[in-house]
Amino acid sequence: MTRSRLLTQKVKTKFSTMYVHLELDKLGRPAGLSFSTPGKILDSALDDVIRLLGDAANSLIREANGERK
C-alpha cells in the first residue's frame, strides 16, 4: 500500500466554504487535484461543475506527467 501526501486548502466563496485537495506522489510531485463541497451543495449544478473541473485537472496532471489517459 502506497500512501501519498495530501495538501488541503479551504476556500471561502459566496456559495459556501469549499476545499481544494492536491495529492503529491512519493517524490513530492502533483499527482491529483480535487475539489470538495459541503453536503448542502451536493447533487446541484454547481457540484457537477466542481467535479468536472477536478476531473479535467487530473487529466492535465496525468498528461503533464507523461501518463496515458
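This text follows the structure it describes.
Residues numbered from 1 in each chain as written. Predicted model: local features only at pLDDT ≥ 70, side-chain atom pairs only at ≥ 80, totals over all residues. Heavy atoms only, no water.

Draft legend 1. Region of interest: the side chain of H21. With respect to the secondary-structure elements, H21 resides in strand β2 (residues 17–24). Setting aside its immediate chain neighbours within four residues, H21 contacts L6, L7, T8, G32, L33, S34, F35 and S36. (Helix = DSSP H or I, 4+ residues; strand = E, 2+ residues; numbered from the N terminus. Contact = heavy atoms within 4.5 Å.)

Draft legend 2. Local environment of the pairing of strand β3 (residues 30–36). With six bridges connecting them, β2 and β3 associate as antiparallel partners. Bridging across to β3, H21 finds its partner in S34. The antiparallel pairing of β2 with β3 creates a hairpin that spans five residues between the two strands, and G28 there sits at a positive phi of about 85°. (Pairing = 2+ DSSP bridges.)

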